Amino acid sequence: MVFVNLAFILHTGLSLVWLRNIRTVSVSSTSVMETPYPQDIDDHVISMLKNNYGFTVVSLKPLNGYVDRNYHAVVEREHSNTDVEKVCDEGYLVKIVNHLDSKIPDFQMGQKLAMDKLNIAGIKCQEEIKTVEGEFFSSLTVKKDGVDVTYKVSVRPFLSGAILGTVTLTASLAYDIGHFVAGISKGLQGLEFKFYEDYIPSWNMENMTKVNDVLHAVDDIAHRKVAEEVLKAFDTDVLARRREFRRGQIHGDLNEQNILVEKTSSGIEICGLLDFQDCCMSYCIYDLGIAIAYMMMVMKSDVPVLDVGGHMIAGYEKVIQLNSAERKCLKTLVASRMVMSLVYGAYNYSLDPSNKYFLATSYAGWSNLHSFWKTEENVVWNRWDKIIKSYIM
């Protein structure tokens, strides 16, 4: 078992959801990817860290990022930033926010407030490092295609731990993840920020119907057929029941790349949470459905795919009881997130076949989706309820 820090997480593969703001533009009838972050700016970043944060850079390592430009910066112990008592030994994540999100007022502040709220609730998240001027965020202006473009900047200490996707999913870990999801919902309660009143990320489940627009990228006929069935069911099983769902602030991207774990004397324990770019005011059940979907697509699992949800719901209901409408929608909701991830992965891979990260969820995802979707809902819930009751006995 290999345990890594955030540098490794970003370097070895971000979740597919980081692709949400890469735009497709048409050039002479050929679709190409428009990179929304600057290239070849290492020297600018080093100067920015010195001037804006009081840090002298020892090493600066570019990290993979599909939406933002990310760096791992190690800095000298001596610095001039009064907000920093002690330099983080593991270094800092320097996030150059893409030019699209950089234009959204309060986009960064919303994430900061959500992370702060969860830190208070005991869920470890990253914290923003202030600039030497006492600001939570900075900016970097560079030339892009001969024009000055300004990018927002965040600097955060690394969080230690391994991404969940590097360990084997067990029944007890699935239970803990469900409990963790409920803890996030509880921890985010009461977060009030005007930005979130009308912000809906493109990967929010409310945008599920837009998956139809890129379904053509799925070549396999059987895969496309099951995706079409799920998309149709989403309208009646999920959207039609929304009025009965409980609203609240959600993380929006609870996948195996964004949950950190560590090895302790009692086993594998959850130790942190990353990536708040899809955080928004929505329906709490979406976070549970999203989490179950991704846990059903992990590469390493000791849990039968049809049982994953049962263990996670058991952990979730230790904190929050599902209502009738939330139970009725859950199978379709889970399948819908699987479809969203798999179809968007196929689409982005068709645009850039050199990037295997786009297929991260597909290796186990399609087969597990077929198995899950063809199983009658009452059969799924009989299995889930049996598992849930086993934790009560």
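Everything numeric here is computed off the predicted structure, so don't read it as measured data.

## Observations regarding helix H6 (residues 284-295)
Consideration 1: Along its twelve residues, H6 runs 18 Å from first to last C-alpha, staying within 8% of the 16 Å computed at 1.5 Å per residue.
Consideration 2: With respect to burial, H6 is a largely interior element, twelve of its twelve residues being buried.
Consideration 3: Taken as a whole, H6 has its buried residues at Cys-284, Ile-285, Tyr-286, Asp-287, Leu-288, Gly-289, Ile-290, Ala-291, Ile-292, Ala-293, Tyr-294 and Met-295.
Consideration 4: Summarising the contacts, the buried residues of H6 are in contact with helix H4 (171-188), strand E9 (247-250), strand E12 (280-283), helix H7 (308-316) and helix H8 (324-351).

## Describing the pattern of salt bridges
Consideration 1: Evaluation of the coordinates by the stated rule reveals eleven salt bridges.
Consideration 2: Two residues, Lys-143 and Asp-148, come together in a salt bridge whose shortest N-O distance is 3.3 Å. Here the two residues Lys-143 and Asp-148 agree in accessibility, since each one is exposed.
Consideration 3: Ionic pairing is found between Lys-194 and Glu-197, a salt bridge with its closest N-O pair at 3.7 Å.
Consideration 4: Residue class for Glu-197 comes out exposed when judged on its relative accessible area of 60%.
Consideration 5: Through salt bridges with shared partners, a single network forms among Arg-77, Lys-86 and Asp-89.

## Regarding the sheet that holds strand E8 (residues 162-163)
Consideration 1: The strand order across the open sheet formed by three strands is E8-E10-E11, and the pairing between neighbours is antiparallel. In this open sheet, the two edge strands, each paired with only one partner strand, are E8 and strand E11 (267-273).
Consideration 2: Looking at chain direction, strand E10 (residues 259-264) and E11 are connected through six bridges and run antiparallel. Bridge assignment links Lys-263 to a residue of E11, and that residue is Ile-268.
Consideration 3: Packing of H4 onto the sheet brings it into contact with E10 and E11, and relative to E11 it is tilted by some 25°.

## Points about the confidence of the model for the protein chain
Consideration 1: Confidence in the prediction for the protein chain averages 88 pLDDT; 88% of positions are at 70 or higher.
Consideration 2: When the criterion is pLDDT under 50, residues 1-34 qualifies, and its contacts beyond four places in sequence or with other chains add up to 113 contacts.

Conventions and cut-offs
- The residue numbers shown here count from 1 along each chain, following its written sequence.
- Whole-chain, interface and lining totals are the exception, using all residues; otherwise, since this is a predicted model, local features are given only for residues with pLDDT of at least 70 and side-chain atom pairs are given and counted only at 80 or more.
- To obtain the side-chain values, all non-hydrogen atoms of the structure were included, while hydrogens and water were left out.
- Helix and strand definitions follow DSSP, with helices as H or I runs of at least four residues and strands as E runs of at least two, each counted in order from the N terminus.
- By definition here, a helix of n residues has an expected span of 1.5 Å times n minus one.
- Here the term buried applies to any residue with accessible area under 20% of the maximum for its type, exposed to any over 50%, and partly exposed to those in between, with areas from a 1.4 Å probe on protein chains only.
- Contacts between residues were defined by any pair of non-hydrogen atoms, one from each residue, lying within 4.5 Å.
- Criterion for a salt bridge: a side-chain nitrogen of Lys or Arg within 4 Å of a carboxyl oxygen of Asp or Glu.
- At least two bridges found by DSSP between two strands is the condition for calling them paired.
- The angle between two axes is taken between their N-to-C directions and runs from 0 to 180 degrees, where each axis is a line fitted to C-alpha atoms and a helix contributes only its stretch in contact.
- The pLDDT value tells you how sure the predictor is about a given residue, anywhere from 0 up to 100.

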